[in-house]
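# Commentary on secondary and tertiary structure
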Amino acid sequence: MAARGHVQDPNDRRLRPIYDYLDNGNNKMAIQQADKLLKKHKDLHCAKVLKAIGLQRTGKQDEAFSLAQEVATLEPTDDNSLQALTILYREMHRPELVTKLYEAAVKKVPLSEEYHSHLFMAYARVGEYKKMQQAGMALYKTVPKNPYYFWSVMSLVMQAISAQDEKLAQTMFLPLAERMVEKMVKEEKIEAEAEVQLYFMILERLGKYVEALDMVRGPLGEKLTSELQSRENKCMMMYQRLQLWPECNALSYKLLLKNPDEWQFYLSYFDSLFHLMDKSWSPPNEEEHCVEGPVHTTVAEAVKFVVDRMEEEDKKDSRPLRGPYMACLELIHRLRQRGCPDEEELGDPLELMLQFFGKFGDKPCCITDLKIYLHLLPPEQHTQFENRLGELVPLGEVGEDGFGFPGDTKALQRHLCVCQLSRVLGLQHTLDTEGKLCLITELKAHYHYGLQFGKSCLKTELQFSDTYCLMVAHVYIDLWTETGDENMLWQCLGVLEEGLSYSPSNAQFKLLLLLLFCRLGAFQPVVDLYSSLDAKHVQHDTIGYLLTRYAGSLGQFAAASQSYNFSLRFFHSNQKDTSEYIIQAYKYGAFEKIPEFIAFRTRLNQSLHFAQVRTERMLLDLYTEADITSSLEESVKAMGLCPEEDDIPWDNMRDNRDLTVLFSWDPKDRELTEEHRRLSLEEESVWLKVRSLTLRLLASLALLGHAPSKRNSDKTNENGVSAKSSTLQTLLSQLDLTLQTAAQITEKQTQYPFLGPPSSRLASALSSGSCHCQASALQLSLTLQELETTGLDDSSELQTQICNSFKSLIVQLQELLSRCKGDVLEMKDSRLMTQPSLLETLVFFVEPVVLSGFQEWTGSLQGIVTQALDHVKGQEASLTALKLAALTLGVGHAQTQEECGFTRAAMDKVQTSYLGSLQELGDLLRKRADSLKSLKF
Amino acid sequence: MTTLRAFTCDDLFKFNNIQAFLNFLSQYGIPFYLQYLAHWPEYFIVAEAPGGELMGYIMGKAEGSVAREEWHGHVTALSVAPEFRRLGLAAKLMEMLEEISERKGGFFVDLFVRVSNQVAVNMYKQLGYSVYRTVIEYYSASNGEPDEDAYDMRKALSRDTERKSIIPIPHPVRPEDIE
């Protein structure tokens with residue numbers, strides 16, 4: 001842990017055993033050893049700090065802190081103490097104390113390079129940019145090494161970036177940073193590439209693009225060697241900023257000649273070409289076109305350029321590059337956008353795409369490539385295109401079942417590509433039910449046939465024919481959503497389960513299964529699926545919503561709690577991780593990465609999902625534990641909840657969800673749009689607001705509930721109480737407003753694509769009456785509170801009001817409960833039917849009951865809870881009695897024995913999961929009922 | 001056709017886009033990536049398709065003593081999404097890493113690969129790499145599988161004119177004996 005190189009120092013020798021104990025996690029022995037040592041050597045400060053580390057690690061934070069402060073106030077200057085304190089403060093999450101430590105050390109030992117540099121890094125850890133700037137300079141003055149100087153410059157840049165006032169950044173921090181670098185340039189002291197990079201960063205941020213360009217092209221630019229094409233890329237960026245289109249065009253052209261597969265340069269080549277055409281730019285006479293070389297200014301030149309590139313590829317013996325062929329389609333797309341007739345010179349898009357398919361159809365990415373340009377084909381050509389593609393797929397002879405199959409994986413890939421294109425073109429969607437069922441039969445046959453090519457695949461590899469299976473599932477989903485026939489859904493689950501049995505690491509199978517089980521309200525199988533995806537770090541943010549959206553809402557509280565914890569652990573570690581690497585970036589001069597790391601940290605801190613899991617985690621604890629294992633007040637205090645504080649960044653919320661993680665071949669008009677994304681974020685944010693206000697209201701109630709007991713003994717507390725109840729009042733009216741907004745949003749009844757974001761819980765929370773129930777219960781609590789302050793004597797009006805509120809709340813709860821009635825799972829005419837919304841409503845019923853329990857009004861509430869329990873018990877009984885084995889599967893649509901087995905397995909999972917949810921809900925209600933009984937009014 | 005560019009933190013949010021391959025980037029934790037970005041940003045390159053999908057990435061570093069002629073480029077991770085395989089992308093990314101190492105004056109480029117991963121071993125051989133030595137139980141066991149040996153494969157760069165750096169060591173070594 002600490003530097004222990006010098007064995008000569010007797011203190012080092014004495015301390016070593018303590019270090020060893022700490023390193024091995026033997027904190028108790030470390031503490032004992034430290035005590036022993038301190039008896040003999042009272043002034044061995046480091047031993048005290050090491051003891052404090054031991055205490056900290058055994059949960060004795062307070063003791064550890066005061067011991068550490070004893071040493072810190074002495075302002076130690078020995079390495080051991082300083083390093084040990086640094087470690088301790090970091091573990092205490094008090095990095096700001098490290099700065100104090102080294103400030104003192106630097107004062108006492110002003111010539112120490114090491115302490116100055118520690119001080120700089122300590123400031124960096126807490127983001128004290130101004131002090132970093134000064135510390136960097138002080139360091140440079142002590143030891144004139146270039147990196148120190150530029151640490152200081154970078155700290156100025158960081159002050160500019162973090163400045164609230166952009167003007168201050170532009171007129172003070174950045175110009176100062178620029179002057180500091182210029183000074184070094186003039187004195188010819190620039191040494192490292194990092195310094196040039198930083199200079200470029202400053203000029204760029206100042207908008208001094210001409211200067212930046214000159215610098216990159218000049219002698220300083222010669223230092224830019226680490227990154228490939230660093231100078232070219234920077235020049236290109238500046239040309240674009242400065243709208244120097246001739247240079248931009250010529251450079252793109254030059255780079256494309258060198259590497260005709262670099263997509264970004266085709267884009268800049270076309271961009272600049274059309275800008276030049278719009279401006280009717282012509283090259284100056286008898287001179288070189290521009291510093292970068294020849295410039296293209298006409299469509300004819302561009303066409304020739306692209307055609308030449310394609311011909312080059314055609315001539316090659318080696319593998320052709322896709323770039324030139326894609327560029328050709330891109331050029332047609334752009335010409336068409338401009339209404340330019342010259343596109344014909346490049347050829348018919350249909351023929352070009354066929355040609356592309358001929359060359360690259362056996363690559364899995366062919367579909368991704370062609371998808372971008374399908375709009376170039378008029379709808380009346382779609383079927384023709386599909387047929388012509390089909391001709392290019394070598395299939396074997398048609399067998400008994402009427403299908404011909406590919407002979408190898410290349411042919412399979414081609415066939416698969418045609419199927420995918422057909423779906424993207426919407427040709428599958430227009431089939432009627434019969435047609436879709438036929439398509440399913442065909443795709444399944446191909447799927448099963450193709451499995452032979454992957455017999456030797458490892459478990460971690462995908463089967464070549466997996467995509468057929470996924471597509472079958474998609475067609476089943478089409479059928480389910482169009483006809484409402486749940487059998488389609490069961491078969492869809494079956495086919496995916498089958499797919500997974502052959503290809504256990506196919507993430508798309510897992511994701512789709514996960515989504516379908518969630519839609520079915522069966523959360524149990526989802527837990528295993530999600531954990532087998534092995535989601536790590538950022539994925540907890542990007543795809544965590546798939547899990548957390550449904551966990552709590554389906555009554556699987558234990559699983560919900562676990563899934564929130566997974567996500568939260570990641571978000572909390574982010575803070576520490578990033579500061580460490582910001583410091584490293586200074587050390588290695590990766591200045592560009594510093595703002596990037598900070599932006600990364602911010603993006604995670606402002607994540608919608610982070611705010612959601614934070615809020616839901618606490619609500620879940622209150623709903624499931626408060627007043628059962630501990631009082632509401634204790635729970636609130638343990639969470640450190642402060643009702644006055646709103647820690648959610650409403651105005652800067654980042655939606656990091658990956659809403660296209662499920663692969664889709666839906667045609668453009670069915671794809672997820674930007675508007676969908678906006679609406680989904682809006683909906684989720686309002687729901688989050690409802691939840692976070694509910695949470696803060698609960699907290700405020702709990703803390704308020706505590707106050708009155710002290711009222712008689714301490715008169716002054718009354719002000720405190722009224723302040724708190726006004727918080728309550730404010731929050732309640734905010735909740736009211738939010739619920740109004742919520743109602744407007746749900747009126748829109750936004751439907752997202754099936755594979756897109758799930759709807760939030762907002763709509764069902766409102767329609768079930770749960771939100772209003774909660775709001776009434778909270779309002780009632782507030783009135784009760786008023787009653788307590790007013791006293792029973794002068795409050796007959798209040799009492800009547802309360803009485804009425806009681807009654808109406810009971811009615812509301814009764815209504816909510818009646819919406820839960822019905823069978824979640826039912827067998828009818830040998831069909832299995834589900835009503836997962838009943839489960840969700842039941843959860844919505846349980847939540848306000850918790851609140852109501854808090855209010856200690858028992859009689860009628862007990863009645864309702866008992867009713868609810870009876871209902872849950874009844875459901876459990878009928879679920880257990882359902883014998884799924886009695887279902888005859890495969891009626892109406894041929895399924896093999898094996899396929900039926902997979903479908904049956906999926907059905908069993910759903911049944912078991914429903915039972916699990918009911919049991920958890922029943923348990924919670926029972927506990928609630930018990931605690932109600934034990935309450936004395 | 002590909003856009004090759006420096007890897008940025010925001011790319012971490014995009015790695016799910018890769019069809020059927022969720023675990024593309026998840027074998028390491030965030031600190032690991034940040035460490036490489038902070039120390040060797042030029043060695044961390046990502047390939048992007050025209051539709052914005054991430055196709056693959058390479059991640060490497062420069063290390064070793066110059067005096068002992070061991071200064072070299074190291075391939076830490078190379079990954080291409082299944083959807084974008086068989087396009088020569090891995091070769092292109094390797095070429096870039098070699099070029100960066102050339103410029104840094106490295107003597108060779110090296111990498112470790114599972115002995116069982118024949119596909120990868122063959123690919124590296126095609127790209128001019130040869131087995132320099134075997135490292136015993138370099139990959140620790142997971143999921144009940146036993147520990148696995150690694151090949152340390154090398155390719156000499158132009159600075160190593162006599163190609164001394166790639167002369168194979170006949171005896172296998174232990175992980176603790178390598179730098």
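Residues numbered from 1 in each chain as written. Chains lettered and ligands numbered in written order. Predicted model: local features only at pLDDT ≥ 70, side-chain atom pairs only at ≥ 80, totals over all residues. Heavy atoms only, no water.

### As for the nonpolar core
All names here are of chain A. By size, the foremost hydrophobic cluster in this structure holds 322 residues, and its most contacted members are Phe385, Leu496, Leu512, Tyr586, Phe591 and Phe845. No other element matches the 12 residues that helix α29 (residues 557–588) contributes to this core. Apart from the residues within four sequence positions on either side, Leu512 is in contact with Leu470, Ala473, His474, Ile477, Leu496, Leu662 and Leu755. Of all hydrophobic cores here, the second largest spans 22 residues; its members include Val686, Leu731, Ile745 and Phe844. (Core = buried A, V, L, I, M, F, W, Y, C linked by side-chain atoms within 4.5 Å. Buried < 20%, exposed > 50% of the residue type's maximum accessible area, 1.4 Å probe, protein only. Helix = DSSP H or I, 4+ residues; strand = E, 2+ residues; numbered from the N terminus. Contact = heavy atoms within 4.5 Å.)

### As for the interface of chain B and chain A
In this assembly, 47 residues from chain B lie in contact with 55 residues from chain A. When chain B packs against chain A, close to 4,600 Å² is buried across both sides, 61% of that on carbon and sulfur atoms. Counting every contact that joins chain B to chain A gives one salt bridge. The closest approach of N and O atoms between Arg603(A) and Asp10(B), which form a salt bridge, is 2.7 Å. At the boundary of chain B with chain A, the tally comes to 15 residue pairs in polar contact (both at pLDDT 80 or more). (Buried area = accessible area lost by both parts, 1.4 Å probe. Salt bridge = Lys/Arg side-chain N within 4 Å of Asp/Glu carboxyl O. Polar contact = N/O pair within 3.5 Å; in protein donor to acceptor, adjacent residues only side chain to side chain.)

### What about helix α23 (residues 466–483) of chain A?
All names here are of chain A. Given a rise of 1.5 Å per residue, 18 residues ought to cover 26 Å, and the 26 Å separating the end C-alpha atoms of α23 matches this to within 8%. In terms of burial, α23 is largely enclosed, as 15 of its 18 residues are buried. Within two residues after α23, Gly484 carries a phi angle of roughly 75°, on the positive side. (Expected span 1.5 Å × (residues − 1).)

### Topic: the sheet that holds strand β1 (residues 3–6) of chain B
Residue and element names in this part refer to chain B. Spatial strand order, β1-β2-β3-β4-β5-β7-β6: seven strands in an open sheet with mixed pairing. Each of the sheet's edge strands pairs with one partner strand only, and the pair in question is β1 and β6 (130–139). On average, each strand axis in the sheet is tilted by 25° relative to the strand beside it, whichever way the strands run. Inspection of the sheet shows strand β2 (residues 44–48) paired to strand β3 (residues 54–63) by five bridges, in the antiparallel sense. Looking at β3, one finds that Phe44 is bridged to Met59. Contacts from helix α2 (residues 89–103) reach β1, β2, β3, β4 (72–80), β5 (108–114) and β7 (148–156), with the element oriented near 160° to β4. (Pairing = 2+ DSSP bridges. Axes fitted to C-alpha atoms, helices over the stretch in contact; angles between N-to-C directions.)

### Focus on the pairing of β2(B)
Residue and element names in this part refer to chain B. Most of β2 is tucked away: five of the five residues are buried. Side-chain alternation along β2 places Phe44, Val46 and Glu48 on one buried face and Ile45 and Ala47 on a second face that is also buried. With four bridges joining them, β1 and β2 adopt antiparallel strand pairing. Each residue of the ladder has a partner; that of Arg5, found in β2, is Val46. Adjacent in sequence and paired antiparallel, β2 and β3 are bridged by five residues, among which Gly52 carries a positive phi angle near 95°.

### Focus: unusual backbone geometry
Among all residues except glycine, the phi angle is most often negative; among peptide bonds, the trans geometry is most common. Phi at Ser280(A) takes a positive value of approximately 50°, unusual for a residue other than glycine. Along the chain, the position of Ser280(A) falls in the loop between α15 (263–278) and α16 (299–315). The class for Ser280(A) is exposed, based on a relative accessible area of 60%. Not every positive phi belongs to a glycine, and Glu137(B) is a case in point at roughly 50°. The residue Glu137(B) is located in strand β6 in this model. Residue classification places Glu137(B) among the partly exposed residues on the basis of a relative accessible area of 37%.

### Describing the packing of helix α7 (residues 113–126) of chain A against helix α8 (residues 129–142) of chain A
All names here are of chain A. With their axes 9 Å apart at the nearest point, α7 and α8 run at an angle of 165° to one another. By the angle between their axes, α7 is roughly antiparallel relative to α8. Where α7 crosses over α8, the two elements pack in a sense that is left-handed. In contact with Glu113, His116, Ser117, Phe120, Tyr123 and Ala124 of α7, α8 contributes Lys131, Met132, Ala135, Gly136, Ala138, Leu139 and Thr142. When grouped by side-chain class, the residues that make up the contact of α7 with α8 number seven nonpolar, four polar and two charged. (Parallel < 35°, antiparallel > 145°, perpendicular 65-115°, else oblique. Left-handed = near helix turned anticlockwise from the far one by under 90°. Nonpolar A, V, L, I, M, F, W, Y, C, P; charged D, E, K, R; others polar.)

### Structural notes on the packing of aromatic side chains
Any two aromatic rings considered together are summarised by their centre-to-centre distance and by the angle between their planes. In the structure shown here, the tally under the stated rule is 30 aromatic pairs over all chains. Ring geometry for Trp263(A) and Tyr266(A): centres 5.8 Å apart, planes at 50°, overall tilted. Here Trp263(A) and its partner Tyr266(A) are both found in helix α15, three residues apart, which amounts to about one turn of the helix. A single burial state applies to Trp263(A) and to Tyr266(A), both of which are buried. Ring centres 5.0 Å apart and planes at 90° place the aromatic pair Tyr138(B) and Tyr139(B) in the edge-to-face group. An aromatic cluster of three or more residues is present, and its members are Phe7(B), Phe32(B), Tyr33(B), Tyr36(B), Trp40(B), Phe44(B) and Tyr57(B). Directly above the ring of Phe357(A) sits Arg414(A), whose terminal nitrogen or CZ lies 5.4 Å from the centroid. (Phe/Tyr/Trp six-rings, centres within 6.5 Å; stacked < 30°, edge-to-face > 60°. Lys NZ or Arg CZ within 6 Å of the ring centre and 35° of its normal.)

### Some points on the environment of Leu869(A)
Residues and elements named next belong to chain A. On the secondary structure map, Leu869 appears in helix α40 (residues 859–881). On a C-alpha basis, the gap between Leu869 and Val143 in space is 76 Å, while along the polypeptide they are 726 residues apart. Among all residues touching Leu869, those that are not within four sequence positions of it are Gly922, Leu925, Arg926 and Ala929.

### Details of the pairing of strand β2 (residues 831–834) of chain A
Residue and element names in this part refer to chain A. Only one face of β2 is buried: it carries Leu832 and Thr834, and the other face, with Arg831 and Met833, is open. In this sheet, β2 lies alongside strand β1 (residues 825–828) in antiparallel orientation, the contact comprising four bridges. Each residue of the ladder has a partner; that of Lys828, found in β2, is Arg831. Counting the residues that bridge the hairpin from β1 to β2 gives two residues, and of these Asp829 lies at a positive phi of roughly 50°.

### So, the pattern of salt bridges
Residues and elements named next belong to chain A. Counted under the stated rule, the structure contains 56 salt bridges over all chains. Asp278 is the salt-bridge partner of Arg338, the closest N and O atoms lying 3.0 Å from each other. Remark: Asp278 occurs in helix α15 and Arg338 occurs in the loop between α17 (323–337) and α18 (349–360); sequence separation between them is 60 residues. Overall, the relative accessible area of 37% leaves Arg338 in the partly exposed class. Accessibility expressed as a relative area gives 53% for Asp278, which makes it exposed. Across the salt bridge formed by Lys359 and Asp314, the nearest N and O atoms sit 3.1 Å from each other. Linking Lys359 in helix α18 with Asp314 in helix α16, this pair joins segments that are 45 residues apart in sequence. Judged by its relative accessible area of 30%, Lys359 is partly exposed.

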